[in-house]
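# Examination of the molecular architecture
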Amino acid sequence: MSAVKNIVLVHGGFVDGSGWQSVHRLLTQDGYHVSVVQNPTVSLVDDVAVTQRALDALDGPAVLVGHSYGGAVITEAGRHDGVAALVYIAAFAPDKDESVGTLVADPAPGAPVPPILPPVDGFLFLDRDKFAASFAGDLPAEDAAFLADAQVPWGLDALNGPITEPAWRAKPSWYLVATDDHMIPPPVQHQMAERAGATVAEAAGSHAVYVSQPQAVADLIKQAAGQ
């Protein structure tokens, strides 16, 4: 595969695209054209459509990157003809008919349980007081508190949106496992990556590894881009 110069970054649930800033800076400094998708996170169908519109706007193929719930988005949106490769960053990689909701429905014994509050009007939030420990344990306290206060409502239709056909069955994929993740247990990340046939790397980081370890994230994306 010749080198791909377009990168599309997709955020997960509870956060917006601003967390990609350091990864964006590293990639653009290396000459990549980087787009950051701002998904509404109301439904998977809508988020896939928003992501595919970002792909439609590009000239040439792209590496499609997803963090957390963004992994479900790229698994569905990645069937777009313009996608050359997929990169999962501590992300869900569902199979056909699976959703993030089905993947988290039966946690392994002893696995950390994310502090998701009961839904209000069809939307989910993480408990603000437990956000740092579960999502961003390796970020400075002020940064973790900001993420907790800036949470984006995550719709139940996004959580429960099923995959129709996983793009990782047809596209090469890479996966960065966050080894201190308290949202998606690292063994689960490894299982999903293996099932997807992904090239796997590890980084010592929390679920917010894309914020705390931007160089490791950028390096894997560049590998997927053929650099």
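Residues numbered from 1 in each chain as written. Predicted model: local features only at pLDDT ≥ 70, side-chain atom pairs only at ≥ 80, totals over all residues. Heavy atoms only, no water.

## Things to note about the overall build of the chain
For clarity, the cut-off: Elements are defined by DSSP. Helices are runs of H or I of four residues or more, strands are runs of E of two residues or more, and each kind is numbered from the N terminus. In this description the radius of gyration comes from C-alpha coordinates, and the expected globular size is given by 2.2 Å times residues to the power 0.38. For every residue, the accessible area obtained with a 1.4 Å probe (protein chains only) is divided by the maximum for its type, and the residue is called buried under 20%, exposed over 50%, and partly exposed between those limits. Note on contacts: a residue pair qualifies if any of its non-hydrogen atoms lie within 4.5 Å across the two residues. Here the accessible surface of atoms and residues is derived via Shrake-Rupley with a 1.4 Å probe, and residues count as covered only by protein chains that are part of the display. His residues and chain termini do not enter the charge count, which takes Lys and Arg as positive and Asp and Glu as negative. A charged residue contributes its charge at one atom only: NZ of Lys, CZ of Arg, CG of Asp or CD of Glu.
In terms of helices and strands, the chain carries ten helices and eight strands. Compactness check: the chain gives a C-alpha radius of gyration of 16 Å against a globular reference of 17 Å for 227 residues, within 12% of the reference. Evaluated residue by residue, the chain yields a buried proportion of 54% over its 227 residues. Taking as baseline every contact in the chain between residues at least 6 positions apart, the subset at least 24 positions apart corresponds to 71%. When the accessible area of the chain is evaluated, it comes to approximately 9,600 Å², of which 54% is carbon and sulfur surface. Here the chain contributes 11 positive and 26 negative side-chain charges, whose respective centroids are spaced 6 Å apart.

## Regarding the packing of helix 5 (residues 128-135) against helix 6 (residues 141-149)
Operational definition: In this analysis, axes come from line fits to C-alpha atoms, helices being fitted only over the stretch in contact, and the angle between any two N-to-C directions falls in the range 0 to 180 degrees. Roughly parallel covers angles under 35 degrees, roughly antiparallel covers those over 145, roughly perpendicular covers 65 to 115, and oblique covers all other angles. Left-handed describes a crossing whose near helix is turned anticlockwise from the far helix by less than a right angle; the clockwise case is right-handed. Ten residues, namely Ala, Val, Leu, Ile, Met, Phe, Trp, Tyr, Cys and Pro, are considered nonpolar, four, namely Asp, Glu, Lys and Arg, are considered charged, and the remaining ones, Gly among them, are considered polar.
Helix 6 packs onto helix 5 with a crossing angle of 125 degrees between their chain directions and a minimal axis gap of 9 Å. Classed by the angle they form, the pair helix 5 and helix 6 counts as oblique. Handedness of the helix 5/helix 6 crossing: right-handed. The residues of helix 6 that touch helix 5, namely those facing Arg 128, Phe 131 and Ala 132, are Ala 144, Ala 145, Leu 147, Ala 148 and Asp 149. Considering only residue class, the contact of helix 5 with helix 6 consists of six nonpolar, no polar and two charged.

## Some words on the nonpolar core
Note the threshold: The nonpolar core is taken to be a set of buried Ala, Val, Leu, Ile, Met, Phe, Trp, Tyr and Cys residues, with the residues joined through side-chain atoms within 4.5 Å.
By size, the foremost hydrophobic cluster in this structure holds 76 residues, and its most contacted members are Ile 7, Val 63 and Ile 221. Excluding its chain neighbours within four sequence positions, the residues that come into contact with Val 63 are Val 4, Asn 6, Ile 7, Val 8, Ala 85, Val 87, Ile 221, Ala 224 and Ala 225.

## Some points on helix 8 (residues 186-195)
Note the following rule: Arc, as used here, means the arc of the directions from the helix axis to the C-beta atoms.
Of all the positions in helix 8, only Pro 186, Gln 189, Met 192 and Ala 193 are classed as buried. Down the axis of helix 8, the smallest arc covering the buried residues is 120 degrees, so these residues share one side. Opposite the packed face of helix 8, turned more than 90 degrees from it, sit the exposed residues Pro 187, Gln 191 and Glu 194. Taken together, the buried residues of helix 8 touch helix 4 (100-103), strand 7 (173-178) and strand 8 (199-203). Of the residues one or two after helix 8, Gly 197 is the one with positive phi, at around 70 degrees.

## A closer look at the environment of Val 8
Relative to the helices and strands, Val 8 resides in strand 1 (residues 6-10). With 202 residues separating them in the primary sequence, Val 8 and Tyr 210 have C-alpha atoms 14 Å apart. Beyond its immediate stretch of four places on either side in the chain, Val 8 contacts Ser 35, Val 37, Leu 55, Leu 58, Ala 62, Val 63, Leu 64 and Val 65.

## Examining the pattern of salt bridges
What counts here: Salt bridges, as used here, are contacts in which a Lys or Arg side-chain nitrogen is within 4 Å of a carboxyl oxygen on Asp or Glu.
Evaluated as defined, the whole model comprises eight salt bridges. With its nearest N and O atoms 4.0 Å apart, the salt bridge here joins Glu 165 to Lys 96. With Glu 165 in the loop between helix 7 (156-159) and strand 7 and Lys 96 in the loop between strand 4 (83-89) and helix 4, this pair connects stretches of sequence that are 69 residues apart. For Lys 96, a relative accessible area of 43% translates into the label partly exposed. Salt-bridge contacts for Arg 128 lead to Asp 129; the nearest nitrogen and oxygen are separated by 3.9 Å. A single network of salt bridges, built from pairs that share partners, joins Asp 30, Asp 219 and Lys 222.

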